[in-house]
Every structure is written in structure tokens, then in C-alpha cells.
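Report on the structure
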Amino acid sequence: MTTATTTPASTLAVQATGVGKVFPTKAGDVTALTGVELEVRAGEFVSLIGPSGCGKSTLLRLIADLDEATTGELTIFGKPARRARIDQDYGIAFQQAGLLPWRTVAANIGLPLELHKVPKAQREARVAELAELVGLTEFIDRYPDQLSGGMQQRVAIARALAASPKLLLMDEPFGALDEMTREYLQGELTRIAAETGAAVVFVTHSIPEAVFLSDRVVVMSPRPGRITDVVETGLGSVRDESLRENPAYFEKVTAVREALHGAKVERANER
Amino acid sequence: MSDFARAASPVAARRRTTGRGWTAAAWGALGILAVAVIWELYKFLGPADGVTIGATPGETGSGVMILPRTHDRAMPHIWTMVARLFEPTSGGATPPLVVTVAQAAVVTLGMAAVGWLIGVAVGMLLGLVMQRWKLLEWGLLPWIVVSQIVPLIAFAPVVNAIGNQIDRSGTPWPQWLSVAVIASYLAFFPVAIGVLRGLEAPDRIHVDLMRSYAAGYWATLFRLRLPASVPHLLPALRLAAANAVLGAVVAEVSIGMRGGIGRMLIQLAGQASSDPAAPWGPMFGSIVLGLIAAGSVALIGFGLKNYRRGEATA
């Protein structure tokens, strides 16, 4: 085992070369992804955007080793995806918070630590730290059904961060929230990502969300799912509310929109 | 902020739940009262010999009876039944009927409880292996369903005979154990089905999450599948308890074991023409038994109430 030697490959959080995914169905094979080339640097925020069926969630699941790539090679910090999953190199959050309803906020955040036999005192300290980070310290003894959707999603983010991963995978985590909560949590997420220094791969179908959050926006297109364009936002490291009024921001929103439309997507019958 | 408003609401929700508890009790009492009123009303209004269609005059038992007889031998008054509970069981200096019924009920309850425990253990094991290996589910589930079609009356003497054989060959096998085994035969079924459905209840996202934590089968079982199965398990346990009582009563009768409430019911029913109110004693007794059995399971449910929380949708 190579330990902590910073080879160029391990400075990359995610490296995908020629990754493809084929789902066999009764009606024949369906190509969900083909020829995906993607590099995510450590600490970088990358969004995957595209219409439904473009394979953005599939790509995220491949990175998380929840599904296996049919072709190509996928490495996380220089290791195979499976190894990275077992080593807890990433944290993951989904569109639904997916909290265990019988566990308190604290027990939900601490679940990954508990599963990896982290001693109780250490676990409690870490949970308190994470609750503070997502602003839920007062709610630590509540149960998920006593929280609003936005608060549940914050618990899910804290849980994803529990094992201090250097990579955060998020599949439309704010997709089910109202616009106000959503914008608030977007701001929180950029702050958290900056504080923890974790790389983020963020799946979304909202153009403004992708631009606001990301260093790079990866534009994808369906049938077969593939990457068609990559837009550098170059908006710097500070992402606050004033950015939403910034002309540079609007310019990038337009750029991403054009990249999406240029991909000749039949938008009317998507979604 | 709406976050806080939502967080405050559970208190109100709990208050509503307690209120509902009292309403439920009131409705329950009203239900019992309604049965008593209907009984007495029919007894008052209905013809003493019932209503029979197509009877040949002079021939007893011919025709189809569409309304039951209402005379005192067929339908004793409710108050007669209650008064009978406090009279001696079989005349003379014998203890009051209610005491004899209670003693018999305890015997049956003990056997039903053992049967319930065996049934729950077997049912859980079956549910676990069926969830773990799909192939076993396909292989076992049809047999489990078929097992419940075999009538208990046919099955009970076989268990008893096997028990006697074991007993004769040296290993002690008391008769009550046969009754418990027969009771467990009815009890395991809902548990096996409930556990199987319960273990498969977790959402895809929860299973994915456990996979992302590299949690193995056992960790996933104890942290996710078992807790998530509780809402399915509790009704199954309650059904199993009711089935165990039923099974124990029927088993007592069909293998001829003395001391339990089933045997007592048959005995007193045989003397019903001279003492019509007496069989109602063990009948009430078995109703109370069923309630105690179901109530004990409700207590288990109370202890597990955190596992019955639903996650509020965003």
C-alpha cells in the first residue's frame, strides 16, 4: 500500500477515463453513459448538469461505487472506486435527506462513525462540531420528523461530512426544497466546502445553482449520456448573495445555458 | 422562520394523540355496550323458538333456521351470565365460577405464551433467512402459506402422538408442551411474513447509504433493517399473540388436555341445557385472555415507539 505519497494521480479527487455504463434491460441494452473523461482536482467544486436521462446521477453513482462502470477506468484519489468506498474517502447526500427516523439528529450524524467503531467520546465531539458547522446545535436531540425539510437536508450534509472525507458527492440535494431555503443552503454549502477543503461533485438540473456553486460546470447530454461541454466559472472563492447580482455571474449562467441548448436537446419532452 | 414553527408542533401532536386515546377507549366501551343492547333487544323482540323456513310440521330439526331461538336456554340474559360467574362452579362448596375460569385461563395463557415465544423465534428466523437468500424465499414461502391450510384439528393429534413417543423414549415431554407447539404453529405465520416484509421495508436510499459506509450484512441488519421492520413487526406480533391463544384453546380440546380454558369451555357447553349461563364464563375468560395477549404486545410496541416514527417529507 502506498501511503500519502503525493503522486500526481492522487492529487486528483476523481479521475475518469473512457467511463461507460450499460444497463441491460428486456428491450435490449441501454447505454446510460459513454466515453466520460473527467478530472476533479482536490478541493474543486464541480457540478454535473443536464436534462433527465443524461446520466449525471449514474456518473455520481459510479464514482460512489453504488454501481459499477461497464467500461473505462475510474479512480478516486488514485484508488479504484471500490477501495475508495471501503476507505470512506467520500461522503454522499441525496435528493431525499434519507435520515433514519428512529435516530435523533446526533445519532444520524454519528451513524457513519458508529459503523466504523469510532470511540464514543471522540464521536460525540465530532458530532457536536458538525452540528455547529450546519447550525443545528440546538436541535441535536430532535428526531427527523420534528425538523423541516431544509433542516433534514442540513443533517444529511453533516452526516456526509462525518468521516471528514476529502470528496463530497451530492445528488440534487436541494432539489426538493423551496427556493428560499435552497438559496440559503447553497450559501452554506460553499462556506462548508471552503472550510473543509473537500472536493465536491454536485448533480443538479438548475443552471443558476450550478454556476453559483461551482468552479467548473460539466454539461451533459442524453442518448447516450455523455459530457458535451465544460464551463469554467472563474468566479473566485467567495460566493455570497452579492454574487447573484453580479454581471459575471449572469454571463456564466448564459454560457451554461447556451452550452446546454447547443447540445441539441429536445427539451420539451424531457422532464 | 418556518423551521421553528415545525419544530414546535410535535407537542401539539402528542396532545392530540392522548386525546385520541380517550376517544378510542370511549368508542370501545360503546361497542361492548352496543353488543349487549342488541343481544337483549333481540331476546326481547324475537320469537322464543326462532324463525324457521320450510319446516315439516311434527319433524324436529327440519327446515332452515334463519333467526335463532331466544328462550332462556338458548340466550341467557346478560345479567344471568354475569351473576353465574359468582355462583359455585358445580354446586355445593366448589369455588365461584369466576375463580375456576381465572385458574384455567392462567394455565392456557402460560401455554399460549410459550407457543407465542416459539412461534416468534421460528417466524423471525424464517423471515431473516428468506430476506437474506431470495432463493430460500421462493422455496419456503409457498410451503409457509400451505402450512396454514392444514386444519389444526387434524394436525394437533399428530403433534400429541409425537410428543408422547418422545416422552416414552426417555426425554420428558409434558402434554402442555404439545399444546404450546400447536399454538406456535399458528403464531409463526404472521411473524415470518411480517419480518420478511419489514426487513425489505428500508428505502433504496437507505440501503445505498449503508453501502456507501461499506457496512456489511450484519451491520446493515442491526442498524437499518431490523429497526425499519418494527412497524411491520408489531402488528405481526399482535396477530401471533391472538393466534397463539386460539391455537392453545383448540389444541387443549383436540388432544384432551385438562386444566385449561378450552377444555372447560367444552365441558360446560355439554351441560348447557341444564345450566345455560355457565359456558359463558370460560367464553368471557377466553376473550379476556385474547385481550391480555394483545395488550402485552401493545406494551412491547410502547417500548419501541421511537422505531415507529415516520420521516416527515420535505
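No experiment lies behind these values; they were computed from the predicted model shown.

**So, the overall build of chain B**
Along chain B, the regular secondary structure elements total 10 helices and two strands. Across chain B, helices and strands are ordered from the amino to the carboxyl terminus as α-β-β-α-α-α-α-α-α-α-α-α. On the principal axes, the C-alpha backbone points of chain B span a range of 80 × 65 × 45 Å. Out of the 314 residues in chain B, the part that is buried amounts to 33%. Relative to all contacts within chain B whose residues are 6 or more apart in sequence, the contacts with residues 24 or more apart total 69%.

**What to know about the sheet that holds strand S2 (residues 28–41) of chain A**
Residue and element names in this part refer to chain A. Read from one edge of the open sheet, four strands run S2-S1-S4-S5, paired in antiparallel fashion. On the outer flanks of this sheet lie S2 and strand S5 (79–80), each paired with one strand and no other. Two elements, strand S4 (residues 71–76) and S5, share two bridges in a ladder whose sense is antiparallel. Counted as the bridge partner of Ile76 is Lys79 from S5.

**Considering the sheet that holds strand S8 (residues 199–204) of chain A**
Residue and element names in this part refer to chain A. Read across the sheet, six strands follow the order S6-S7-S8-S3-S9-S10 without closing on themselves; strand pairing throughout is mixed. Single-partner strands in this sheet number two, and they are strand S6 (90–93) and strand S10 (226–232). Ignoring strand direction, the axes of neighbouring strands in this sheet form an average angle of 20°. Note that strand S3 (residues 45–49) and strand S9 (residues 216–221) share four bridges and pair parallel.

**Quick notes on the nonpolar core**
Counting residues in hydrophobic clusters, the biggest one holds 81 residues, and the most contacted among them are Val14(A), Ile63(A), Leu169(A), Val200(A), Val201(A) and Val256(A). Here this core gets six residues from one element, more than from any other, and that element is helix H6 (residues 149–160) of chain A. When sequence neighbours within four positions are dropped, the list of residues in contact with Val201(A) reads Val14(A), Val40(A), Val46(A), Leu48(A), Leu60(A), Ile63(A) and Leu169(A). Leu97(B), Met130(B), Tyr185(B) and Leu196(B) belong to the second largest nonpolar core, which has 59 residues in total.

**Focus: the interface of chain A and chain B**
Between chain A and chain B, the contact holds 30 residues from the first and 25 residues from the second. Every element with two or more residues in the side of chain A that touches chain B is listed here: helix H3 (81–86), helix H4 (105–115) and H6 of chain A. The dominant element in the side of chain A that touches chain B, judged by the number of residues it contributes, is H6(A), at five residues. A class-by-class count of the residues in the side of chain A that touches chain B yields 18 nonpolar, nine polar and three charged.

**With respect to H6(A)**
In a regular helix each residue adds 1.5 Å, so 12 residues correspond to 16 Å; H6(A) covers 17 Å between its end C-alpha atoms and thus fits that length. Here H6(A) has its buried residues at Gly149(A), Gly150(A), Met151(A), Gln152(A), Gln153(A), Arg154(A), Val155(A), Ala156(A), Ile157(A), Ala158(A), Arg159(A) and Ala160(A).

**Focus on the pairing of S8(A)**
All names here are of chain A. In terms of residue burial, S8 counts as a mostly covered element, since six of its six residues are buried. The alternating pattern of S8 places Ala199, Val201 and Val203 on one face and Val200, Phe202 and Thr204 on the opposite face, and all of these are buried. The sheet contact formed by strand S7 (residues 167–171) and S8 spans five bridges and is parallel. Looking across to S8, one finds that Met170 is bridged to Phe202. In this fold, S7 hands off to helix H7 (residues 179–196), which returns the chain to S8; that crossover is right-handed.

**Structural notes on the packing of H4(A) against H6(A)**
Residue and element names in this part refer to chain A. Axis separation between H4 and H6 bottoms out at 7 Å; the angle between their running directions is 30°. By the angle between their directions, the pair H4 and H6 is classed as roughly parallel. Crossing hand, H4 versus H6: right-handed. Contacts between H4 and H6 involve Val105, Asn108, Ile109, Leu111 and Pro112 on the former and, on the latter, Val155, Ala158 and Arg159.

**A closer look at the packing of helix H3 (residues 97–132) of chain B against helix H8 (residues 217–255) of chain B**
Residue and element names in this part refer to chain B. Closest axis-to-axis distance for the H3/H8 pair is 8 Å, and the angle between their directions is 130°. Classed by the angle they form, the pair H3 and H8 counts as oblique. The chirality of how H3 crosses H8 is right-handed. Taking contact as the criterion, the partners of Thr108, Met111, Ala112, Gly115, Trp116, Gly119, Val120 and Gly123 in H3 are, on H8, Leu237, Ala240, Ala241, Ala244, Val245, Gly247, Ala248, Val249 and Glu252. Here the residues of the contact of H3 with H8 are counted per class, giving 11 nonpolar, five polar and one charged.

Cut-offs applied
- Residues numbered from 1 in each chain as written.
- Chains lettered and ligands numbered in written order.
- Predicted model: local features only at pLDDT ≥ 70, side-chain atom pairs only at ≥ 80, totals over all residues.
- Helix = DSSP H or I, 4+ residues; strand = E, 2+ residues; numbered from the N terminus.
- Buried ≥ 20, exposed ≤ 12 C-beta atoms within 10 Å, placed from the backbone.
- Contact = placed C-beta atoms within 7 Å.
- Pairing = 2+ DSSP bridges.
- Axes fitted to C-alpha atoms, helices over the stretch in contact; angles between N-to-C directions.
- Core = buried A, V, L, I, M, F, W, Y, C linked by C-beta atoms within 7 Å.
- Nonpolar A, V, L, I, M, F, W, Y, C, P; charged D, E, K, R; others polar.
- Expected span 1.5 Å × (residues − 1).
- Right-handed = clockwise from strand over helix to strand, strands pointing away.
- Parallel < 35°, antiparallel > 145°, perpendicular 65-115°, else oblique.
- Left-handed = near helix turned anticlockwise from the far one by under 90°.

All we've got here are geometric facts, nothing functional implied.
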